[in-house]
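# Structural features, examined
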Amino acid sequence: MIGRFAGLLCLVLGLGCAVPKSISWTEDNPKRGYRFALADWTRTSVAYHEFQTQIFVQATLLSPAFSKRLTKELTKRAGLTEEQARQHAATLLSESNKKIKVFMAVATSDSHWNDLDQRSPTLIARLYVNGSSQAITPTQLEFLNDNEMADKRPFFPYADRLKTGYLVEFPYSGTQPKKVRLTVSGAPGLSELSWRLEP
């Protein structure tokens with residue numbers, strides 16, 4: 001079922017299915033609306049086996065630039081001050097230079113595989129920065145329940161009820177990223193998402 005809709009979702013949502021472009025890690029473009037900013041920072045990946053979809057991942061890199069845009073969108077939609085918006089969405093915002101955050105929505109052909117938050121998961125999330133082959137493992141990986149996903153859905157419409165949501169935090173204290181690559185992999189397959197960033 002997932003396999004039938006993967007291509008259609010790419011066409012309809014336009015999130016991460018085209019060739020990734022270079023975007024600024026820290027500077028938000030105020031001329032682009034929230035929907036376009038979300039598309040800039042969201043990628044989609046599908047892992048197949050014998051023409052059957054095994055893993056479907058959509059992920060938004062919660063960069064400092066995207067955090068600024070998300071804060072503005074919160075103030076606009078909810079009538080909050082910027083400080084109130086930052087407090088309201090504290091788990092989503094990434095304003096630290098010592099970590100990289102990602103919001104992920106994951107679907108698998110076997111629901112038992114969608115267990116990234118478990119102690120011995122089928123699938124594991126790893127991050128690679130600036131072309132390094134050294135994997136960074138999460139320091140925090142939070143499963144989002146139905147209510148939490150419903151709260152996120154107005155800002156991440158791809159996070160529908162067929163997917164499981166996760167907030168993932170990776171430690172990073174190096175230079176400003178120029179390339180970020182996220183993998184979600186295990187016995188069912190490998191999903192890979194990448195972002196190119198302006199120097």
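Look above for the structure.
A brief structural summary. (Residues numbered from 1 in each chain as written. Predicted model: local features only at pLDDT ≥ 70, side-chain atom pairs only at ≥ 80, totals over all residues. Heavy atoms only, no water.)

### Focus: the side chain of Ser185
Structurally, the position occupied by Ser185 is in strand E8 (residues 179-186). There is a polar contact of 3.2 Å between the side chain of Ser185 and the side chain of Arg126. If we skip the residues at most four places from it in the chain, Ser185 touches Thr122, Leu123, Ile124, Arg126 and Leu190. (Helix = DSSP H or I, 4+ residues; strand = E, 2+ residues; numbered from the N terminus. Polar contact = N/O pair within 3.5 Å; in protein donor to acceptor, adjacent residues only side chain to side chain. Contact = heavy atoms within 4.5 Å.)

### Things to note about the packing of aromatic side chains
Using the criterion set out here, one finds eight aromatic pairs in the structure. Centroid distance Phe143 to Tyr166: 6.3 Å. Interplanar angle 65 degrees. Geometry classified as edge-to-face. Taken together, the residues span a long stretch of sequence, with Phe143 in strand E6 (residues 140-144) and Tyr166 in strand E7 (residues 164-171) at a distance of 23 residues. For Phe143, a relative accessible area of 41% puts it in the partly exposed group. Owing to a relative accessible area of 0%, Tyr166 belongs among the buried residues under this scheme. Here the aromatic cluster, defined as three or more aromatic residues joined through ring pairs, consists of Tyr34, Phe66, Phe103, Phe155, Phe156 and Tyr158. The lysine or arginine in question, Arg35, covers the ring of Phe36, its NZ or CZ lying 4.5 Å from the ring centre. (Phe/Tyr/Trp six-rings, centres within 6.5 Å; stacked < 30°, edge-to-face > 60°. Buried < 20%, exposed > 50% of the residue type's maximum accessible area, 1.4 Å probe, protein only. Lys NZ or Arg CZ within 6 Å of the ring centre and 35° of its normal.)

Taken by themselves, the reported measurements are silent on function.
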